[in-house]
Amino acid sequence: VEIRDKLSQKMGKQQREAILREQMRTIREELGDSKNSEGESDDYRKKFDSIGMPEEVKKIAIDELDRLESMGNNSAETHIIRNYLDLLCALPWAKSSGDETLEKLELQDARDSLNRDHYGLDKIKNRILQHLAVMKLKKSSKGQILLFVGPPGVGKTSLGQSIAKALGRKFVRGSLGGVRDDAEIRGHRRTYIGAMPGRIIQGIKRAGENNPVFMLDEIDKMSMDFRGDPSSALLEVLDPEQNATFLDHYLDVPFDLSKVLFIATANSLDSIPGPLLDRMEVIDLSGYTTAEKLHIAKNHLIPKQFEDHNLTPAQLVISDEAL
């Protein structure tokens, strides 16, 4: 009897909801709000179910969708809610390159990839391989953040690309040069006109995976003013104990950054705040010897220039003495 009562109560609730939805649809048709139809809501609900959203995020998304359903198309807030729901649906909550990439990671292949793209830098490449070996043993990207320090043009960004290639992951680059506002990192609150998510969430959305190799370029070029201190926002991003629940102000729900492999670059250490520098392991790329520069020019730079100018080696010969 108790089970029958519960079942009839549940069925009654579902029928009541169906009748109310039908009435709402009819009212909207009368008002001409055809765009904000039941079909749009159903599409959003299907996406919420299919993209592996955490339950607490899904609950907030459904609450926002209910708000959207209760508004007319003439409301100024509808496009703000739609943009927010589109962002929630676009983020890779459960999509990754797969943990098997760490298990299948062959260190020799990684070494070959680094050697193919970079000549010299043996100590640096060995340190990167040690880092990858620890990741393979732990089956996790969580750990020390590498900071490549050196003058422009020594190959800091391309080292990050080689690491992404070795891991079989997407590579995302975010330049921090000239960033003065911590909202650039954490995002703006949705109450502001023209609010946007921060660079971290935008980079993750661009990658389409929740475990890319994320390069934070020119971390030493950040500054602070009356709008906030972006370096303090980066502390949370780079802290492996905190970034599993990173909170972007625009997103306003926690996003797990613990699977992301962060790599930073800088030209010098002088302007990096002490607490932020302590989060990272400094790897110095001071430059190349004359012999290394000759080898790089012959095997990398000259072939690239030939390709850029559509020349063949028979048309132009450059001697070692000229180089």
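Residues numbered from 1 in each chain as written. Predicted model: local features only at pLDDT ≥ 70, side-chain atom pairs only at ≥ 80, totals over all residues. Heavy atoms only, no water.

1. What to know about the overall build of the chain
Working step 1: Helix and strand content of the chain: 13 helices and seven strands.
Working step 2: Scaling as 2.2 N^0.38, a compact globule of 323 residues should have a C-alpha radius of gyration of about 20 Å, whereas the chain reaches 26 Å, well beyond that.
Working step 3: Principal axes of the C-alpha set define a box for the chain whose edges measure 90 × 50 × 45 Å.
Working step 4: Within the chain, buried positions represent 40% of all 323 residues.
Working step 5: Taking the intrachain contacts of the chain between residues at least 6 apart in sequence as the baseline, contacts between residues at least 24 apart amount to 74%.
Working step 6: Within the structure as shown, the chain displays about 18100 Å² of accessible surface, and the carbon and sulfur contribution to it stands at 52%. (Helix = DSSP H or I, 4+ residues; strand = E, 2+ residues; numbered from the N terminus. Rg over C-alpha atoms; globule rule 2.2 N^0.38 Å. Buried < 20%, exposed > 50% of the residue type's maximum accessible area, 1.4 Å probe, protein only. Contact = heavy atoms within 4.5 Å. Areas by Shrake-Rupley, 256 points an atom, 1.4 Å probe, with all protein chains shown as cover.)

2. Focus on the side chain of Glu-236
Working step 1: Mapped onto the fold, Glu-236 is located in helix α11 (residues 230–238).
Working step 2: Once residues lying within four places of it in the same chain are set aside, the contact partners of Glu-236 are Arg-186, Gln-242, Asn-243, Thr-245, Phe-246 and Leu-247.

3. Regarding the pairing of strand β2 (residues 171–175)
Working step 1: Here β2 shows a clear split, with Val-172 and Gly-174 buried on one side and none of Phe-171, Arg-173 and Ser-175 buried on the other.
Working step 2: Examined bridge by bridge, β2 and strand β3 (residues 213–217) share five bridges and lie parallel to one another. Note on β3: the bridge partner recorded for Arg-173 is Met-215. (Pairing = 2+ DSSP bridges.)

4. A word on the pairing of β3
Working step 1: Of all five residues making up β3, five are buried, and the element is well covered by its neighbours.
Working step 2: On β3, burial covers both faces: Val-213, Met-215 and Asp-217 on one face and Phe-214 and Leu-216 on the other are all buried.
Working step 3: The pairing of β3 with strand β6 (residues 261–266) spans four bridges and is classified as parallel. Among the inter-strand pairings, Leu-216 is bridged to a residue of β6, identified as Ala-264.

5. Thoughts on the sheet that holds strand β7 (residues 280–284)
Working step 1: In space, the five strands of this open sheet follow the order β2-β3-β6-β1-β7, with parallel pairing throughout. Bordering the open sheet on either side are β2 and β7, each of which pairs with just one other strand. Looking at each pair of strands side by side, their axes are set apart by 25 degrees on average, direction ignored.
Working step 2: Along the sheet, helix α8 (residues 156–167) contacts β1 (145–149), β2, β3 and β6; its crossing angle with β3, the most-contacted strand, is approximately 175 degrees. (Axes fitted to C-alpha atoms, helices over the stretch in contact; angles between N-to-C directions.)

6. Here we look at the nonpolar core
Working step 1: Of all hydrophobic cores here, the largest spans 49 residues; its most connected members are Leu-88 and Ile-219.
Working step 2: The greatest single-element share of this core, amounting to six residues, is contributed by helix α4 (residues 78–90).
Working step 3: Apart from residues no more than four positions distant in its own chain, Leu-88 is found in contact with Ile-51, Met-53, Val-57, Ala-61, Trp-93, Leu-251 and Val-253.
Working step 4: Core analysis: the second largest hydrophobic core is formed by 24 residues, Leu-129, Val-154, Leu-167 and Ile-263 among them. (Core = buried A, V, L, I, M, F, W, Y, C linked by side-chain atoms within 4.5 Å.)

7. Some details on the packing of helix α7 (residues 122–138) against α8
Working step 1: Viewed as axis vectors pointing N to C, α7 and α8 meet at an angle of 35 degrees, and their least axial separation amounts to 12 Å. Along this stretch, α7 crosses α8, giving a crossing that reads as right-handed. For the pair α7 and α8, the contacting residues are Ile-124, Ile-128, Leu-132 and Met-135 in the first and Leu-159, Ile-163 and Leu-167 in the second.
Working step 2: Within the contact of α7 with α8, the residues separate by chemical class into seven nonpolar, no polar and no charged. (Left-handed = near helix turned anticlockwise from the far one by under 90°. Nonpolar A, V, L, I, M, F, W, Y, C, P; charged D, E, K, R; others polar.)

8. Focus on helix α6 (residues 107–117)
Working step 1: Among the residues making up α6, those that are buried are Ala-110, Ser-113 and Leu-114. The buried residues of α6 occupy one face: seen down the axis, they fall within an arc of 95 degrees.
Working step 2: At its buried positions, α6 is contacted by α7 and α8. (Arc of directions from axis to C-beta.)

9. Focus: helix α10 (residues 199–207)
Working step 1: Within α10, the full set of buried residues consists of Ile-200, Ile-201, Gly-203, Ile-204 and Ala-207. With its buried residues spanning 160 degrees around the axis, α10 presents them on a single face.
Working step 2: Following α10 by one or two positions, Gly-208 adopts a phi angle in the positive range, close to 75 degrees.

10. A short note on unusual backbone geometry
Working step 1: Positioned with a positive phi, Glu-218 is a non-glycine residue whose angle comes to about 55 degrees.
Working step 2: Classification of Glu-218 by relative accessible area gives partly exposed; the value is 30%.
Working step 3: Phi is positive for Asp-252, which is not a glycine, with a value near 60 degrees.
Working step 4: For Asp-252, the position within the fold is in the loop between β4 (246–247) and β5 (254–255).
Working step 5: When its relative accessible area of 42% is taken as the criterion, Asp-252 is described as partly exposed.

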